Structure formats: C-alpha cells, structure tokens
Amino acid sequence: MLLVVGVYIVAGNLAGGAAAGGVGLAKGAVPAAYQTLVQRWGNLCPAINPALLAAQLYQESGFNPGARSPAKAQGIAQFIPGTWATHGVDGDGDGDRDVWDPEDAIPSAASYDCELAKYVKDVPGDASANMLASYNAGAYAVIRYGGVPPYRETRNYVKTITTLAKSFAAPVARLDPSRQAAGAIAYAQSKLGTPYLWGGTGTAAQSGRFDCSGLTQASYDQVGIKLPRVANDQYNAGPHPARNELLPGDLVFFSHDPADSRAIHHVGIYVGGGYMIDAPRTGAVIRFDPIDGGDYFGATRVTEDGAKALPTHV
C-alpha cells in the first residue's frame, strides 16, 4: 500500500497530460477500461513507465477499483486516507478527487511516484529503483542510505515490481526459453487421459484429477515454480511471446474478452505444432487440443522470478 513519506510534496502540474513514451503494454495485460489511463499516466516522468505503473496497480489491488485492505487502504491504487489527502489529484478534471475513481486514482499513483522520484533525484543509482524504494520505505531512507536501503522488505518490493513490470510490457525482442519447460510438459503428458475435475488440483482426495489451471500449476510445481491457482493470475508469471514465437512450455490462454486478461477462462501448456495439453471441461479428459480458436488470448513464457513476484491476494 502507499505510505506517507513524512514530508509534504506538492503535486506537479498535470494539465498538459503525459508525454508519449517508448514502453508499450502487453496485449490485454491491463483491463481495457484502464489501459489508456495507464499508458498515458505511466509516461508522466522518466522514473516510471506504463508497465511499471501497471505492475504497481496489479500488485496493490489486482485492478480492483473497490479494493479495501485491513490497513484502510482504498481503491485501485490502495491509497491510505492520509496519503490521499496530500497526494490525490483530480485526474479527470471533474472538480473532485475520488479515491474510488480510477480516473483520479491512477493519475494520482503516477503523480505520487513522480514526486517521490523528484525528491530522491540526486541519490545515486537507478531512478526507478530509488522511486520504488521511496514508495515502500520513505524517501528519507533512500537519501540516508544513498540508494535502495538494506531492508529486506524494501529490496523485495523493488525486485517484485520491476519483475512484474516485465509481464506488463510488450516484448521488444525474442524471449529466452524457460529451462523448466520440458519438465512441466513431461508432467502434463503423464496426466493425459485423466478425467477433468472442476477445482481439481490433483490431490489424492480428488483421485489425481485437475481443472485447467490446476494442471498448469501442478506441472510447473514439479520443476520448482509456484504458480497462482487461477488462470488469469498465471498470465502474469512472465513475459508474453507473440503467436509466431511460441515455444513448448509456454502457457497459452483463452479469454471471453480479447482486451482483458482478467477475463481469461482457460489455460493450457503449449507443446508445439499449434497444440497444447489441457484439461478442457467437465466430461472430458486431459488431452491434446489445438490452440487456434476465436477466444485465443495470448501466451506467457513462465519465469521463476515472474512467478515469485505474483501477489497472492488479487
């Protein structure tokens, strides 16, 4: 959640909007309702980019504008009331500052990031890392230590957000294959013919049966990578190769909404040649299926760091 840094910082002039930047968002990684906002405000200053801003919003609330935390953090950006009172901005120019309105909260999150970056601009090191450390531990700690402070929580936070950002950014080069992919495929192949079970994760009580995301979760668990339970969270476990760049072991996803990863309803493990292994539906068995269809959404090349970075509460 957002923390008060102990100093009053006046929000910058947002009337001119954001400058165009070079970081694009991966297909559907940000819900369509917020994609334009994140792309625009994610270019507000050099210390942030749209993928980094998206990673913060996802980590904080899973893009849920109604999210509340036990610490009273509120909205899609999880501002606590004191921080909102100081740093909330009227992003949509309608005359109010509403923490529950993403058109105010997303610009406010970007503005707050940029004000923190401005406060630590003379600190050595990476400007984005110093900004994220200030977000977590306070700007004073970053200034005191001359960079990211030696706090485990803060260093983990910086690594988590920068790793997550890779899954929100459109790739600009070919992606390295996963070393664990072959092991994940081998496990999935060993389950061919197993009957589908809604909610199945392969336990003995479930007679070793799976649903779609239960199978992908178990397959990568066999090679030491812990994926979230549901498919639309598994989508953020790494960067996203294009259809013509798929490699065996990539997770392939299917969505009811071609512009929104939160609407993903199915996942399988790509094995090559246009086919995947998946647990398709009640009454079917784990099998090979073609991936090309009207609801094909995209793919994820699972990475260990990407999986570790995923929050557990979205």
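The structure contained in this document is the topic of the report that follows.

The rules behind each value
Residues numbered from 1 in each chain as written. Predicted model: local features only at pLDDT ≥ 70, side-chain atom pairs only at ≥ 80, totals over all residues. Heavy atoms only, no water. Buried < 20%, exposed > 50% of the residue type's maximum accessible area, 1.4 Å probe, protein only. Helix = DSSP H or I, 4+ residues; strand = E, 2+ residues; numbered from the N terminus. Arc of directions from axis to C-beta. Contact = heavy atoms within 4.5 Å. Patch = residues over 30% accessible without salt bridge, like charges linked within 9 Å, V, L, I, M, F, W, Y side chains within 5 Å. Areas by Shrake-Rupley, 256 points an atom, 1.4 Å probe, with all protein chains shown as cover. Salt bridge = Lys/Arg side-chain N within 4 Å of Asp/Glu carboxyl O. Phe/Tyr/Trp six-rings, centres within 6.5 Å; stacked < 30°, edge-to-face > 60°. Disulfide = S-S within 2.5 Å. Core = buried A, V, L, I, M, F, W, Y, C linked by side-chain atoms within 4.5 Å. Axes fitted to C-alpha atoms, helices over the stretch in contact; angles between N-to-C directions. Parallel < 35°, antiparallel > 145°, perpendicular 65-115°, else oblique. Left-handed = near helix turned anticlockwise from the far one by under 90°. Nonpolar A, V, L, I, M, F, W, Y, C, P; charged D, E, K, R; others polar.

With that settled, consider helix α1 (residues 32-41). Buried residues of α1: Tyr34, Leu37, Val38 and Trp41, and no others. Down the axis of α1, the buried side of the element spans an arc of 100°, and every buried residue falls inside it. Lining the buried residues of α1 we find α2 (50-61) and α4 (102-119).

Right, let's talk about a nonpolar patch on the surface for a bit. On the surface, a nonpolar cluster with roughly 270 Å² of combined accessible area is contributed by Leu192, Tyr275 and Phe288. Position of Phe288 among the secondary structure elements: in strand β4 (residues 287-290). Exposure remark for Phe288: the relative accessible area of 41% places this residue in the partly exposed category.

For any pair of aromatic rings, geometry is given as the distance between the ring centres together with the angle between the planes. Tallied over the full model, the rule gives 12 aromatic pairs. Seen in terms of ring centroids, Tyr135 and Tyr157 are 5.6 Å apart; in terms of plane orientation they differ by 5°. Their pairing is stacked. Linking Tyr135 in helix α5 (residues 127-137) with Tyr157 in helix α7 (residues 152-168), this pair joins segments that are 22 residues apart in sequence. Residue Tyr135 shares its accessibility class with Tyr157, and that shared class is buried. Plain terms: the ring middles of Tyr145 and Tyr151 are 5.7 Å apart, the flat faces sit at 85° to each other, and that makes the pair edge-to-face.

With that settled, consider the state of the cysteines. Applying the stated criterion across every chain, the model contains 1 disulfide. The side chain of Cys45 participates in a disulfide bridge whose partner is Cys114; the two sulfur atoms lie 2.2 Å from each other. Residues Cys45 and Cys114 share a disulfide whose torsion about the S-S bond is about -95°; that sign makes it left-handed. Of this pair, Cys45 sits in the loop between α1 and α2 while Cys114 sits in helix α4, placing them 69 residues apart in sequence.

To continue, consider the pattern of salt bridges. This structure, assessed with the given rule, holds 10 salt bridges. The shortest N-O distance in the salt bridge between Lys118 and Glu115 comes to 3.6 Å. Note that Lys118 and Glu115 are positioned in helix α4 at a spacing of 3 residues, about one turn of the helix. Here Glu115 falls in the buried class, since its relative accessible area comes to 5%.

The next point concerns the nonpolar core. Ranked by internal contacts, the top residues of the largest apolar core, which has 77 residues, are Val38, Phe63 and Phe168. Those residues in contact with Phe168 that sit more than four places away from it in its chain are Gly24, Leu25, Ala26, Ala29, Val30, Ala51, Ala54, Ala55, Tyr58, Phe63 and Asn236. Counting residues in each nonpolar core, the second largest holds 8 residues, with Val252, Phe254, Tyr270 and Met276 among its members.

Axis separation between α5 and α7 bottoms out at 9 Å; the angle between their running directions is 130°. Judged by the angle between their axes, α5 and α7 are oblique. Along this stretch, α5 crosses α7, giving a crossing that reads as right-handed. Contact with α5, carried on its side by Ala129, Leu132, Ala133, Tyr135, Asn136 and Ala137, involves Glu153, Thr154, Tyr157, Val158, Ile161 and Thr162 of α7 and no other residues of that element. Here the contact of α5 with α7 is built from residues that sort into 8 nonpolar, 3 polar and 1 charged.

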